[in-house]
Amino acid sequence: MEIHSVPQHQGALGATAVQLSSGGRALAKLAGEVLGVDVRPVPVAEHGSATVDGVANRDVLLANRAEQLAALLPARGPVLTVGGDCGVELAPLRHARERFGRTLGVAWFDAHADLNTPETSPSGAFHGMVLRAAMGGGDTALAADPRIGRGRAALFGARALDRGEWPLVWQGHVRHLPVHAARRSVMVSSSVLEMDPDEVYLHIGLDVLDPAEFAGTNCPEPDGLRVAEVAAAVRAIAEAAPVIGAGITECVTDDPEELRLLVPLLEAVGQALTG
């Protein structure tokens, strides 16, 4: 198992986006301590770049993706990617799809669906487009090839979808378990099994959590899941199918006491990746 620290912030916009760098580094350090694994820092740019074709900081994002793919190339075991913004998931998702094939499933824990394109995005922030890009949509330079297949991604705990994202749910491109359903491990595992995956990639955007318990996220949304509930869901997924990679993103706090709240989640992810 490897841990890659990718403290990218340019996939997000807003007042706290720059804090994704320090928060991501602190969370990666804690993950290494909890799981007993060395952390590999992946170099990313500190600066921004222009909005091109509706994607903010597009050139920087492409450069950062190249650094990630180079770091992933020699990996033979599971990799835990710790961001930074959700945009850091594009490279490991593409790598996993190339390595494991078309039956790869994606379990996406996030308050947001991240299914926008440059045309539907309200902001131009790529972290709201990354799952759509992994499915082959949106900006052609960022879209993954090979892509995640139709019906092979499931949203867990998403509760802030934009208008342009709902059609993918209604048309069956992605599955959607809202918060009340994602609290039930049996429904989580059933949803994974319905994707019929040989392997699963696990994404946890920390804004899936209820900010009343953990507020250190870039785009908090009320009425989310508890840490223990997400940890239980992760264990249920690992029982349903092998978890071959994971990412944890959107942390803007480097406060040690606040980060310690995430230890049960880190332990569950580590067990899923090595079990």
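Participant: Account for the side chain of Arg-152, naming residues and giving values.
Facilitator: Its location among the elements puts Arg-152 in the loop between helix H4 (130–134) and strand E5 (153–156). One buried charged residue, Arg-152, remains without a salt bridge, the closest side chain of opposite sign being Asp-196 at 4.9 Å. With residues near it in sequence (within four places) discarded, Arg-152 still touches Arg-102, Thr-103, Leu-104, Gly-105, Val-106, His-173, Met-195, Asp-196 and Pro-197.

Participant: Which residues make up empty space enclosed by the protein, and what values do they have?
Facilitator: Applying the stated criterion across every chain, the model contains three cavities of 30 Å³ or more. Together, 15 residues line the largest cavity, and Val-79, His-95, Ala-96, Ile-244 and Gly-245 are the ones closest to its centre. No other element matches helix H3 (residues 90–100), which puts five residues into the lining of the largest cavity. Here the residues of the lining of the largest cavity are counted per class, giving 10 nonpolar, four polar and one charged. One number sums up the size of the second largest cavity: a volume of about 60 Å³. Forming the walls of the second largest cavity are Gln-8, Leu-61, Arg-65, Gln-68, Gly-87, Val-88, Leu-90, Ala-91, Phe-126 and Leu-142. The element that contributes the greatest number of residues to the lining of the second largest cavity is helix H2 (residues 58–72), accounting for three residues. Residues belonging to the lining of the second largest cavity are distributed by class as follows: six nonpolar, three polar and one charged.

Participant: Give me the packing of H2 against H3: which residues, what numbers.
Facilitator: Closest axis-to-axis distance for the H2/H3 pair is 9 Å, and the angle between their directions is 40°. Here H2 is positioned oblique relative to H3, judged by the angle of their axes. At the point where H2 passes H3, the crossing takes the right-handed sense. Along the contact surface, H2 presents Arg-65, Gln-68, Leu-69 and Leu-72, while H3 presents Leu-90, Ala-91, Pro-92, Arg-94 and His-95. Here the residues of the contact of H2 with H3 sort into five nonpolar, two polar and two charged.

About the thresholds
Residues numbered from 1 in each chain as written. Predicted model: local features only at pLDDT ≥ 70, side-chain atom pairs only at ≥ 80, totals over all residues. Heavy atoms only, no water. Helix = DSSP H or I, 4+ residues; strand = E, 2+ residues; numbered from the N terminus. Buried < 20%, exposed > 50% of the residue type's maximum accessible area, 1.4 Å probe, protein only. Lys, Arg positive; Asp, Glu negative; His and termini not counted. Salt bridge = Lys/Arg side-chain N within 4 Å of Asp/Glu carboxyl O. Contact = heavy atoms within 4.5 Å. 1 Å grid on protein atoms, 1.4 Å probe; cavity = no way out; pocket = protein on both sides within 12 Å on 5 of 7 lines; lining within 4 Å. Points joined across faces, edges and corners; volume = space filled by probe spheres on them. Nonpolar A, V, L, I, M, F, W, Y, C, P; charged D, E, K, R; others polar. Axes fitted to C-alpha atoms, helices over the stretch in contact; angles between N-to-C directions. Parallel < 35°, antiparallel > 145°, perpendicular 65-115°, else oblique. Left-handed = near helix turned anticlockwise from the far one by under 90°.

Shape descriptors only; they carry no functional weight alone.
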